[in-house]
Amino acid sequence: MSRPAPGTHVTTTGSAPAPAESAFVLEARGVYKVFVTRGRAGRRVMTALRDVNLGVRPGEFLTLVGPSGCGKSTMLNLFAGLTEASDGTVLHDGRPIRGINTRGGYVTQDDNLLPWRTTLANVEIALELKGVPRVERRHKALAYLERVGLKGFEHHYPHELSGGMRKRVSIVRTLVDDSVNVILMDEPFGPLDAQTRLVLQDELLQLWQGSGRTIVFVTHDLVEAIALSDRIAVFTRAPGTIKEIRDVPIRRPRDVFHIHEAPGFVEVYDPLWNDLRAEISRGPEPSVG
Amino acid sequence: MAERVRSVETDDSVPGREAEVRRREAANTERQERNRRTTVVAWQILLLSALLAGWWGASGRIVDRLFLSDPVSIARAFWRIVVDGSLWFHLRYTLAETFLGYVLGASSGLLAAVGTWIVPGAAPALRPLILLAYATPKIALAPLMILWFGIGIVPKVILAATFVFFVVYLNTMAGLGTVSGGLVNVVRVMGATPAAVFRKVVLPNAMPFVVAGLRITIPAALIGAIVAEFISSNRGVGYLINAASSRYRTADVFAGILGLLIVVLAMNAGVSALERWWLPWVPRERSPLG
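Computed from a predicted structure; not experimentally measured.

On to the overall build of chain A. Per the secondary structure count, chain A includes seven helices and ten strands. In chain A, which comprises 289 residues, the share counted as buried stands at 44%. Sequence-distant contacts in chain A: of pairs separated by 6 or more residues, those separated by 24 or more amount to 73%.

Here it is as structure tokens:
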């Protein structure tokens, strides 16, 4: 608590200066990530992230957008502690992330459920790994499954569920763990069809609102980004760095099904698209692993 | 909560005409499926009868009866060795060798694969050695086994075990390697230690491969035992076959083979049952061998 609020880094929003106690939940300070790969033509050294400064506010919904291969997913992996920064610091609640960040929940594009576990057991696994007693974890898991309409499917295996249901399970299993205050979502709705996508966006907002959880979300889809986010960070093409951070002043609760008609939508969409188009049209992007 | 899995046959809430159409379509589909099954069974019976009839016809006319025997004599010979207890006397030894060799080979193959996987760098280091050993024709080792371990049960068990070991080892290694990095990462972020990742993700993920290895090595274990019996023994179905063959009693040879065939089929059915009970999460088609 005595730690001074880190205020030196840049977030290019025009909002009021943060009060002293509102330190960021997640923070990247001058982060570089360099990958060294070995191909047929010998070693290749590639900068994925260049001097990234980004602060994620407690309880906010922040989305990262950018051309493919710009390092958005790498940024999430850094927040999850799955990979280490080549330079700079990544902090969670003001402390540098060392090793795996088990206070983050990680939702990927593939649902990554354990195929040999039933729906219920899949939701329980995070609690099981943290030693929560059986009765308590069952109770919590069932409550969350009911919230997303999966009551009656507790004992189904993943291959017996639809894509949307599997995605619900993979989201809910991160929320069920109270020690997780940050959910990292890497294009979670990418593989879903358009209708299911909208339904799940709506459900995600309902699960998030009032939960106090912070979400960092990666997507290619600007409309999705606007529908969900408080703020949107635009990455440049690789090597990725933050080009712009824009507020989404559309009031909540939001209607994701009619988000185009929401007052303020166009005012956010157009500049956002201009930011992104500039990055996409800067010639062919280099391939990134 | 958009899409729901709705099962067709439990939905009775439809009005008259639609209900009629649904009933008709369901009945049609069922009839078609039944016809298809009947056709398959008819073909199977036809092929088997043709084979047996051809055999029976050729025997004594085209090919000397001494070499080929015929289905009827074989059935008689089989019945005789069943009734006089000689089949069971010999089968007991063969079964014991096969079973012990199978269990020994499968468990050591599984443990060795897990060990190789856990120790960092062990897999690439061991690879050439394993491939070399795998490429060695194990049958050629049989005389050595007899030389080392005598003519008792031990060389048969060991040869059967070597037939099983490599397949289970390589299958398990392949299965352990199929785990998705994304799945492992998700579970690590949930707080799984390396040991928990192995126990809760890597190993269960490999189980279908392990079970496939266990299934295809059943006949292999039997082959190992029989081959060792051929070379040197005074009991076992391999001995029974060998002895009958050296006295030109072809029907008895086939009767022995028939006995082995029944054993393999029974063991296969056992593993299938085990598989359904063990891996209920694997979406499965019906296997051609049940």
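What follows picks up the thread again.
The next subject is helix α5 (residues 122–135) of chain B. Helix length check: α5(B), at 14 residues, gives a terminal C-alpha distance of 20 Å against a target of 20 Å (1.5 Å per residue), a fit within 8%. For α5(B), the principal kink sits at Pro128(B) and spans about 35 degrees.

A word on the environment of Asn101(A). Residue placement: Asn101(A) occurs in the loop between β5 (95–96) and β6 (104–107). Considered as a pair, Asn101(A) and Gly131(A) are 30 residues apart in the sequence and their alpha carbons are 17 Å apart. Each residue touching Asn101(A), except ones within four places of it in the same chain, is listed here: Phe79(A), Ala80(A), Gly81(A), His92(A) and Val189(B).

All names here are of chain A. In space, the four strands of this open sheet follow the order β2-β1-β4-β5, with antiparallel pairing throughout. Sheet topology places β2 (42–56) and β5 at the edges, where each strand pairs with a single neighbour. Here strand β1 (residues 26–39) pairs with strand β4 (residues 87–92) via five bridges, running antiparallel. Bridge pairing in β4 places Leu26 opposite His92. Here helix α1 (residues 72–80) sits on the sheet in contact with β1, β2 and β4, set at roughly 115 degrees to β1.

Turning to the sheet that holds β6(A), a few remarks are in order. Residues and elements named next belong to chain A. On the basis of which strands lie adjacent, the open sheet formed by six strands has the order β6-β7-β8-β3-β9-β10 and mixed pairing. The open sheet has two edge strands with one neighbour each: β6 and β10 (242–247). Taken over all neighbouring pairs, the strand axes of this sheet differ in orientation by 15 degrees on average, direction set aside. Both strand β9 (residues 231–235) and β10 contribute to a ladder of five bridges, which runs antiparallel. Residue pairing for β10: Ala233 is matched across the bridge by Ile245. Packed on one face of the sheet, helix α7 (residues 265–280) meets β3 (61–65), β9 and β10 and runs near 175 degrees to β10.

Our next topic: the domain arrangement of chain B. Domain parsing of chain B yields domain 1 (16–58) and domain 2 (69–278). Placing a centre on the C-alpha atoms of domain 1 of chain B and another on those of domain 2 of chain B gives a separation of 36 Å.

Here we come to the nonpolar core. In terms of nonpolar packing, the biggest core is built from 127 residues, with Phe79(A), Leu184(A), Val216(A), Ala160(B), Val164(B) and Ala221(B) touching the most fellow members. The residues contacting Ala160(B), other than those within four sequence positions of it, are Glu97(B), Thr98(B), Gly101(B), Tyr102(B), Gly105(B), Ala221(B), Gly224(B) and Ala225(B).

What you tend to see is this: most non-glycine residues have negative phi, and most peptide bonds are trans. Residue and element names in this part refer to chain A. Of note, the amide linkage connecting Ala238 to Pro239 takes the cis form, showing an omega dihedral of -5 degrees. Among the secondary structure elements, Pro239 is positioned in the loop between β9 and β10. Between Arg252 and the following residue, Pro253, the backbone shows a cis peptide bond with an omega angle of -5 degrees. In this structure, Pro253 sits in the loop between β10 and α7. Located in the positive-phi region is Asp51, a residue other than glycine, with phi close to 50 degrees. Mapping Asp51 onto the fold places it in strand β2. With 15 C-beta atoms packed within 10 Å, Asp51 lands in the partly exposed category. Residues other than glycine seldom take positive phi values, yet Asp93 does so here, at roughly 50 degrees. By the secondary structure assignment, Asp93 is in the loop between β4 and β5. What makes Asp93 partly exposed here is the crowd of 15 C-beta atoms within 10 Å.

Below, the discussion takes up the environment of Leu145(A). With respect to the secondary-structure elements, Leu145(A) resides in helix α3 (residues 134–147). Placed 27 residues apart in sequence, Leu145(A) and Val172(A) show a C-alpha to C-alpha distance of 7.3 Å.

Reading guide: rules and limits
- Residues numbered from 1 in each chain as written.
- Chains lettered and ligands numbered in written order.
- Predicted model: local features only at pLDDT ≥ 70, side-chain atom pairs only at ≥ 80, totals over all residues.
- Helix = DSSP H or I, 4+ residues; strand = E, 2+ residues; numbered from the N terminus.
- Buried ≥ 20, exposed ≤ 12 C-beta atoms within 10 Å, placed from the backbone.
- Contact = placed C-beta atoms within 7 Å.
- Expected span 1.5 Å × (residues − 1).
- Bend = angle between axes of the 7 residues up to and from the residue.
- Pairing = 2+ DSSP bridges.
- Axes fitted to C-alpha atoms, helices over the stretch in contact; angles between N-to-C directions.
- Domains from an automatic or database assignment.
- Core = buried A, V, L, I, M, F, W, Y, C linked by C-beta atoms within 7 Å.

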